[in-house]
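Here is what each chain is made of, one letter per residue.
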Amino acid sequence: MKYIADKNIAMEQLINLYTSVGWSYYTQNPRQLQNAVVNSLFAIGAYDQNQLVGLIRVVGDGLTIIYIQDLLVNPAYQRQGIGTKLINSVLKKYNSVRQKVLLTENTVKTRRFYESCNFNPCDKYNLIAFYKDF
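Rules and cut-offs
- Throughout, residues of each chain are indexed from 1 in the direction in which the sequence is written.
- For a predicted model such as this one, the threshold for reporting local features is a pLDDT of at least 70, and the threshold for listing and counting side-chain atom pairs is 80 or more; totals across whole chains, interfaces and linings nevertheless cover every residue.
- Water and hydrogen atoms were dropped before computing side-chain values, which therefore reflect all heavy atoms in the structure.
- Grouping buried Ala, Val, Leu, Ile, Met, Phe, Trp, Tyr and Cys residues that are joined through side-chain atoms within 4.5 Å yields what is termed a nonpolar core.
- When a residue's accessible area, from a 1.4 Å probe over protein chains only, is under 20% of the maximum for its type it is buried; when over 50% it is exposed; and in between it is partly exposed.
- Only DSSP runs of H or I covering at least 4 residues are called helices, and only runs of E covering at least 2 are called strands; the numbering of each starts at the N terminus.
- Stacked, tilted and edge-to-face pairs are distinguished by plane angle, under 30 degrees for stacked and over 60 for edge-to-face with tilted covering the rest, among Phe, Tyr and Trp rings (Trp via its six-membered ring) whose centres lie within 6.5 Å.
- For a lysine, the NZ atom is tested; for an arginine, the CZ atom; a charge sits over a ring if that atom is within 6 Å of the ring centre and within 35 degrees of the ring normal.

Per an unreviewed UniProt entry, the protein goes by GNAT family N-acetyltransferase and derives from Lactobacillus kullabergensis.

And the structure:
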């Protein structure tokens, strides 16, 4: 597995990865997806040979806050430590940033994963997250 920090990822690679995890909203507008990745603060892809099988991308100012916008791993490659390696790479790069935030589905699987990466649910700190649908 190769891990490459590069925001310039081929559109076909992005579409294949996002499709593999069922994130169809992103794949409805491939150009927008590619531009979103390019305009991210930071992104790392995980590659098996030349195939993109995992991706993490970060938005924010990189000084006081980062937001992990996307973390996805092709289901055929899950449970192999790829997601953990991607998260740890971001946490190492932005070690001095106080606020590291993400929003994800509230499932047992996602809770276990992020808690294993030392993230805490907001309710632990009497916080609440807000979301505005479009």
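Draft legend 1. Here's a closer look at the nonpolar core. Core analysis: the biggest nonpolar cluster contains 21 residues, and Ile 56, Ile 82, Ile 87, Val 90, Tyr 94 and Phe 119 have the highest contact counts within it. Where this core is concerned, the elements lending two or more residues are strand E2 (42-48), strand E3 (51-60), strand E4 (65-73) and helix H4 (82-93). Judged by nonpolar contacts, the second largest core, of 12 residues, contains Ile 9, Leu 17, Tyr 18 and Leu 72.

Draft legend 2. Seen up close, helix H1 (residues 11-20). The complete set of buried residues in H1 reads Leu 14, Ile 15, Leu 17 and Tyr 18. At the exit of H1 stands Gly 22, carrying a positive phi of roughly 80°.

Draft legend 3. Molecular detail of unusual backbone geometry. Phi at Arg 79 takes a positive value of approximately 70°, unusual for a residue other than glycine. Here Arg 79 lies in the loop between E4 and H4. The residue Asn 118 is not glycine, and still its phi comes out positive at about 70°. You can see Asn 118 is positioned in the segment after helix H5 (108-116).

Draft legend 4. Broad picture of the packing of aromatic side chains. In this structure the tally under the stated criterion is 6 aromatic pairs. Relative to Tyr 26, the ring of Tyr 18 has its centre 4.9 Å away and its plane inclined at 45°; by these criteria the two rings are tilted. Residue class for Tyr 18 comes out buried when judged on its relative accessible area of 0%. Ring centres of Phe 42 and Tyr 94 lie 6.0 Å apart, and the angle between their planes is 75°; this geometry places the pair in the edge-to-face category. One end of the pair, Phe 42, is in strand E2; the other, Tyr 94, is in the loop between H4 and strand E5 (99-102), with 52 residues separating them in the sequence. Residue classification places Phe 42 among the buried positions, given a relative accessible area of 14%. On the accessibility criterion, Tyr 94 (8% relative accessible area) is buried. By the ring-pair criterion, three or more aromatic residues cluster together here, those being Tyr 18, Trp 23 and Tyr 26. The ring of Tyr 3 is capped by Lys 85, whose NZ or CZ atom sits 5.3 Å from the centre of that ring.

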